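Notes for the structure review
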Amino acid sequence: MSTSPLRLYNTLTRAKEDFRPLDPARVRMYVCGPTVYDYAHIGNARPLIVFDVLYRLLRHRHGAGRVTYVRNITDVDDKINARAAERGVTIRELTEGTNAIFQEDARALGCLDPDVQPRATEHIAEMIAIIEKLIAGGHAYAADGHALFSVPSMSDYGRLSRRPLDEMIAGARVDVAPYKKGETDFVLWKPSSAQEPGWDSPWGRGRPGWHIECSAMSWKHLGETFDIHGGGIDLVFPHHENEIAQSRCAFGRDVMANVWMHNGFLQVEGQKMSKSLGNFITIRDVLADWPGEVARLNMLKTHYRQPIDWTAAALRETKRELDKWYPVAMQYAGAEAMLSSDFEAALCDDLNTPDAITHLRRLYSEAQAGVAFAGARLHAGGALLGLFQHDLGSWNGWRPASAGIDELAVQRLINARLAARARKDWAESDRIRDELTAMGVQLKDGKDSATGEATTHWEVKR
């Protein structure tokens, strides 16, 4: 057992604090999971990897059977409704298929399965129960088939984000509607049309608001209060702020979770990721070109609270580094070895993975020099970060999905298709797309952000 205290930065207090679980025999963590309507992008991979490392560290320190990690699946949402209608499939078909892809991607990134992955649609009863508690306590009200949280009813609303009132009004995901009593009041329940998913409730047939889903699922599986709540920095307001309001006011608690942790933003090659810029990268795109452990280690080279710039050059360097480490570390696969105290101390300092990786580099150098136990500690430390999960043969045998594709031939066809599109020869454009599809190539059309000219990127379908 390590003597290093685990210290975590708490967004609620804006300070690093010693982590003291409410019950050391049952450490509890909740992390906001995906809304399953489309492929997860590389920014979504960051909380997956960050909180998987924290989960592994908590299991190492407290015992695997004493940590409960809950990561939810949002399978009722207006984005889901719109995408299902767009594709002409049922909502269930869309969410089942998308969730299956998400689970594959998470495992390919080296993430352990959480202990519980609750689906929002399986917790409607808990959502209704919380809303009823809020209404009975004067913290919510029903109006025009809706149930809404009354923000003025909570004297210290806004402690997490610390935003001025005007910013909260501008930034909240709320509708301007005559039935609302206050500008910042937010929806707990809303009516559903005949075409939309809906459940019977005291306020009529309808569906939950976004925020109430996580309050209900965390309550069901972790209790009224628990240890750690995590997610991306973009969720601080309004989502996490509103979760806190719902849960605290429903159960009469001072806190919902003792520690709130948030990872920083991700950009691609120095720019904000967006489909309009043509730099929107899914996890599946990355996994077609790189082993999951390369993406994982590359992500961990930046401290989780700092912004990260995702670049091809950094991925190449990370692959070279793992190629060096693997033959040394895998000599000790299955061996019992203590973690380097410096390595563990780095992780216990608010998940300082860049520092921890520096210690792995030192252990690699020491192992090369014949220092006793260095190779075993390299393997042990890497394994705690979720590395060295493959045998050496499969690692060395990995090839990108594009291997065997004639890239020059692909580019010639893409250029011919762009020319056909420029002269509005849609039949020829479609024919070339079909030819590329038959080769296993998927196209993504966009525009150059600087010139406005049409561009096409391609990837190999997996």
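Right, let's walk through the structure included here.

Parameters at a glance
Residues numbered from 1 in each chain as written. Predicted model: local features only at pLDDT ≥ 70, side-chain atom pairs only at ≥ 80, totals over all residues. Heavy atoms only, no water. Phe/Tyr/Trp six-rings, centres within 6.5 Å; stacked < 30°, edge-to-face > 60°. Helix = DSSP H or I, 4+ residues; strand = E, 2+ residues; numbered from the N terminus. Buried < 20%, exposed > 50% of the residue type's maximum accessible area, 1.4 Å probe, protein only. Lys NZ or Arg CZ within 6 Å of the ring centre and 35° of its normal. Pairing = 2+ DSSP bridges. Axes fitted to C-alpha atoms, helices over the stretch in contact; angles between N-to-C directions. 1 Å grid on protein atoms, 1.4 Å probe; cavity = no way out; pocket = protein on both sides within 12 Å on 5 of 7 lines; lining within 4 Å. Points joined across faces, edges and corners; volume = space filled by probe spheres on them. Nonpolar A, V, L, I, M, F, W, Y, C, P; charged D, E, K, R; others polar.

What about the packing of aromatic side chains?
- Taken as a whole and judged by the stated rule, the model has 7 aromatic pairs.
- Plain terms: the ring middles of Tyr55 and Tyr69 are 4.9 Å apart, the flat faces sit at 55 degrees to each other, and that makes the pair tilted. Of the two residues, Tyr55 is situated in helix α1 (residues 42-62) and Tyr69 in strand β4 (residues 67-71); the sequence distance between them amounts to 14 residues.
- The exposure class of Tyr55 is buried, given its relative accessible area of 1%.
- The buried category is assigned to Tyr69, whose relative accessible area is 1%.
- Put simply, the rings of Tyr326, Phe388 and Trp395 touch in pairs and so form one group of aromatic residues.
- It is Lys181 that lies over the ring of Tyr141; its NZ or CZ is 4.5 Å from the centre.
- It is Arg305 that lies over the ring of Tyr9; its NZ or CZ is 4.0 Å from the centre.

So, the sheet that holds strand β7 (residues 186-191)
- The antiparallel open sheet is built from 4 strands, whose spatial order is β5-β6-β7-β8. Either end of the sheet is taken by a strand with one partner, and the two such strands are β5 (140-143) and β8 (206-208). Adjacent strand axes in the sheet meet at a mean angle of 20 degrees, parallel and antiparallel pairs treated alike.

A look at the layout of surface pockets
- Quantified by volume, the second largest pocket comes out at close to 1,200 Å³.
- Lining the second largest pocket are 38 residues; nearest its centre among them are Phe280, Ile281, Asp285, Lys444 and Glu459.
- At the level of elements, α2 (78-87), α3 (91-108), α8 (283-289), α10 (312-329), β14 (441-447) and β15 (454-460) are the ones that each hand at least two residues to the lining of the second largest pocket.
- Partitioning the lining of the second largest pocket into residue classes produces 15 nonpolar, 10 polar and 13 charged.

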